[in-house]
Amino acid sequence: QDPFIAFHLDKALVRKYMSPLLIGELAPDQPSFEPSKNKKLVEDFRELRATVEKMGLLNPNRTFFILYLCHILVLDVAAWLTIWYFGASTVPFLFSAVLLGTVQAQAGWLQHDFGHLSVFSKSRWNHWVHKFVIGHLKGAPASWWNHLHFQHHAKPNCFRKDPDVNMHPLFFALGKTLSVELGVQKKKFMPYNHQHKYFFIIGPPALVPLYFQWYIFYFVVQRKQWVDLAWMLTFYIRFFLTYLPLLGVKGILGLHLLVRFIESNWFVWITQMNHIPMHIDYDKNVDWFSTQLQATCNVHQSLFNDWFSGHLNFQIEHHLFPTMPRHNYWKVAPLVKSLCAKHGIEYQCKPLLTAFADIVHSLKDSGDLWLDAYLHK
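Where an unreviewed UniProt entry is consulted, the chain appears under the name Fatty acid desaturase 1, with the organism given as Aptenodytes forsteri.

Next up, the structure:
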């Protein structure tokens, strides 16, 4: 019930699609609550959810999102004007690349808002604008994002259920339990005891330009998502038409690769700082609140941190209320903290640089656990 309520705006509409999935009703003498879940915590969270709705915290301020889109478009135009006015020498070229990298990162946070249905009251309006932002401004498919991201939200950091931890075990050994398991099984796809070092090579710099860049095209063609492909092509057509006369073929390819490199570093550090250092394991089927809190942490609030991370510094609140507009996270945070304190659940909040460092520290710790199990167990 809690995930269903969290993910959907028009619940009556979604229930119509779910009706064919009904296979029966529980008998009156059958327990309706799973023993692995904390019943009192579930009740308290549902009370919190009702309070959030009464406070209007699920209602968006559309001016916020309009201004956010405008600042992205202004940066996009400024990047082109920089090269048009100052020429294609090294300094304006690099400055333009930084501006475009910022555009890609910020458009990524904005498409995330539409993908989570947190801007408009109608799901289809969010879906329409989502295709424009992720497709035309970023050159990526909305269907691909939806396919992966909602699996992540349903079971964050649950191995084989959260696609965001699929890098275990091929590239990284993640989480204490899973790392020891790999070591005991004598599996060594990579030298995991050095993963905190090679993370800097195959992690932040490489994910977008070397993997996402080609996989998104494979995804849309394989699944015949032709509308998404059309939106993606508008991004590349616009990019090449505007920059080709200024830079030539080699210059535009170099610019595109550099922009994706900047975007990739930005994206990976921000998205992983809240999850990689947290609990990663098989799904234990605990309640919604506990599932989200054990897999997420926050980063201190500031104007810069809010902007730089697209408000994903409030990852706890975002995971508990995925349709909540991001400008309201700070309002619900004290209520979530109180509920955590009441039930003895840790609410982690840390400085930005500490959050970055914790990614590396957690990779080193799990790598060391793997090595010890590999050699001695």
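So that's the structure; there's more coming.
Student: I'd like to hear about the overall build of the chain, residue by residue, with values.
Tutor: Looking only at helices and strands, one finds 16 helices and two strands in the chain. Dimensions of the chain, computed from C-alpha atoms along their principal axes, come out at roughly 75 × 55 × 40 Å. Within the chain, the proportion of its 377 residues that are buried is 48%. Looking at the chain as shown, the accessible area adds up to about 18,800 Å², and 66% of this sits on carbon and sulfur atoms. Averaging the positions of the 35 positive and the 26 negative side-chain charges in the chain gives two centres separated by 5 Å.

Student: Would you mind going over a nonpolar patch on the surface in detail, with residue names and values included?
Tutor: Among the surface-exposed residues, Leu170, Phe171, Phe189, Phe200, Ile201 and Ile202 lie close enough to one another that they form a single nonpolar patch of about 600 Å² accessible area. Looking at where Ile202 falls in the secondary structure, it is placed in helix 9 (residues 195–202). For Ile202, a relative accessible area of 34% corresponds to the partly exposed category.

Student: Can you lay out unusual backbone geometry for me, pointing to particular residues and giving the numbers?
Tutor: In this chain, His168 is followed by Pro169 through a cis amide linkage whose omega measures 5°. With respect to the helices and strands, Pro169 occurs in the loop between helix 7 (142–154) and helix 8 (176–184). Phi is positive for Lys186, which is not a glycine, with a value near 60°. For Lys186, the position within the fold is in the loop between helix 8 and helix 9.

Student: Go over helix 4 (residues 62–86), please, and point to the residues and values.
Tutor: Relative to the 36 Å expected for 25 residues at 1.5 Å per residue, helix 4 spans 36 Å between its end C-alpha atoms, a close match to the ideal helical length. Of all the positions in helix 4, only Phe65, Tyr68, Ile72, Asp76, Ala79, Thr82 and Ile83 are classed as buried. On the buried face of helix 4, the contacting elements are helix 5 (90–115), helix 11 (226–272) and helix 13 (303–309). The opening residue of helix 4 is Asn61, an N-cap whose side-chain oxygen sits 3.1 Å from the backbone nitrogen of Thr63. Once helix 4 finishes, Gly87 follows within two positions and takes phi at roughly 90°, a positive value.

Student: Break down the pattern of salt bridges for me, citing the residues and quoting the values.
Tutor: By the definition in use, this model includes 15 salt bridges. A salt bridge links Asp2 to Arg46, with the nearest nitrogen and oxygen atoms 2.9 Å apart. Residue Asp2 is found in helix 1 (residues 2–7), and its partner Arg46 is found in helix 3 (residues 39–54); the two are separated by 44 residues along the sequence. Residue Asp368 pairs with Lys364 through a salt bridge whose shortest N-O separation is 3.0 Å. Within this pair, Asp368 and its partner Lys364 are both found in helix 16 (residues 352–376), separated by four residues, close to a single helical turn. Lys364 sits in the partly exposed class, given a relative accessible area of 36%.

Student: Can you lay out the environment of His152 for me, pointing to particular residues and giving the numbers?
Tutor: On the secondary structure map, His152 appears in helix 7. When the C-alpha atoms of His152 and Leu293 are compared, they prove to be 14 Å apart, with 141 residues separating the residues in sequence. Once residues within four sequence positions are removed from consideration, His152 is found in contact with Asp162, Pro163, Asp164, His275 and His319.

Student: Report on the UniProt feature "domain: Fatty acid desaturase" (unreviewed entry) in the chain, specifying residues and quantitative values.
Tutor: UniProt's feature table lists "domain: Fatty acid desaturase" (unreviewed entry) at residues 92–349, given in the numbering used throughout. For residues 92–349, the helix share is 64%, the strand share is 1%, and the end-to-end C-alpha distance is 38 Å.

Student: Please set out the side chain of His275 residue by residue, giving values where relevant.
Tutor: Structurally, His275 is set in the loop between helix 11 and helix 12 (288–293). Given a relative accessible area of 6%, His275 falls into the buried group. At a separation of 2.8 Å, a polar atom in the side chain of His275 contacts the main-chain carbonyl oxygen of Ala295. His275 has contacts with His152, Asn157, Ile280, Ala295, Thr296, Gln315 and His319, leaving out every residue within four places of it along the chain.

Student: Would you mind going over the packing of aromatic side chains in detail, with residue names and values included?
Tutor: The description of two aromatic rings rests on the distance between their centres and on the angle between their planes. All chains considered together, the criterion is met by 40 aromatic pairs. Between Tyr85 and Phe86, the ring centres sit 4.9 Å apart and the planes meet at 85°, which makes this aromatic pair edge-to-face. Residue Tyr85 is classed as exposed on the basis of its relative accessible area, which comes to 61%. Judged by its relative accessible area of 57%, Phe86 is exposed. Centre to centre, the rings of Phe304 and Phe308 are 5.1 Å apart; their planes meet at 20°, and the pair counts as stacked. Taken as a pair, Phe304 and Phe308 lie in helix 13 at a separation of four residues, close to a single helical turn.

Student: Residues and numbers for the UniProt feature "transmembrane region" (unreviewed entry) in the chain, please.
Tutor: Feature annotation in UniProt assigns "transmembrane region" (unreviewed entry) to the following positions: residues 64–87, 198–220 and 240–259. Split by type, residues 198–220 is 83% helix and 0% strand. Its first and last C-alpha atoms lie 30 Å apart.

Student: Lay out the nonpolar core with the relevant residues and their values.
Tutor: If you look at the biggest cluster of nonpolar residues, it comprises 39 residues, and the most contacted ones within it are Ile270 and Met273. Contributing elements (two or more residues each) for this core: helix 4, helix 5, helix 8, helix 9, helix 11 and helix 16. Looking at this core, the element that brings in the most residues is helix 16, giving seven residues. The residues touching Ile270, leaving out its near neighbours within four places in the chain, are Trp109, Phe308, Ser309, Leu312 and Phe356.

Student: Can you lay out the packing of helix 11 against helix 16 for me, pointing to particular residues and giving the numbers?
Tutor: Each packed pair of helices is defined by two parameters, the angle between the axes and the distance between the axes. Orientation of helix 11 relative to helix 16, taken along the N-to-C sense of each, is 80°, at an axis distance of 9 Å. Taken together, the axis directions place helix 11 and helix 16 in an arrangement best described as roughly perpendicular. Contacts between helix 11 and helix 16 pair Trp269, Ile270 and Gln272 from the former with Phe356, Ile359 and Val360 from the latter. Across the contact of helix 11 with helix 16, the residue classes break down as five nonpolar, one polar and no charged.

Basis of the calculations
Residues numbered from 1 in each chain as written. Predicted model: local features only at pLDDT ≥ 70, side-chain atom pairs only at ≥ 80, totals over all residues. Heavy atoms only, no water. Helix = DSSP H or I, 4+ residues; strand = E, 2+ residues; numbered from the N terminus. Buried < 20%, exposed > 50% of the residue type's maximum accessible area, 1.4 Å probe, protein only. Areas by Shrake-Rupley, 256 points an atom, 1.4 Å probe, with all protein chains shown as cover. Lys, Arg positive; Asp, Glu negative; His and termini not counted. Charge placed at Lys NZ, Arg CZ, Asp CG, Glu CD. Patch = residues over 30% accessible without salt bridge, like charges linked within 9 Å, V, L, I, M, F, W, Y side chains within 5 Å. Salt bridge = Lys/Arg side-chain N within 4 Å of Asp/Glu carboxyl O. Expected span 1.5 Å × (residues − 1). Contact = heavy atoms within 4.5 Å. Polar contact = N/O pair within 3.5 Å; in protein donor to acceptor, adjacent residues only side chain to side chain. UniProt positions renumbered as here; feature names shortened; annotations may be inferred. Phe/Tyr/Trp six-rings, centres within 6.5 Å; stacked < 30°, edge-to-face > 60°. Core = buried A, V, L, I, M, F, W, Y, C linked by side-chain atoms within 4.5 Å. Axes fitted to C-alpha atoms, helices over the stretch in contact; angles between N-to-C directions. Parallel < 35°, antiparallel > 145°, perpendicular 65-115°, else oblique. Nonpolar A, V, L, I, M, F, W, Y, C, P; charged D, E, K, R; others polar.

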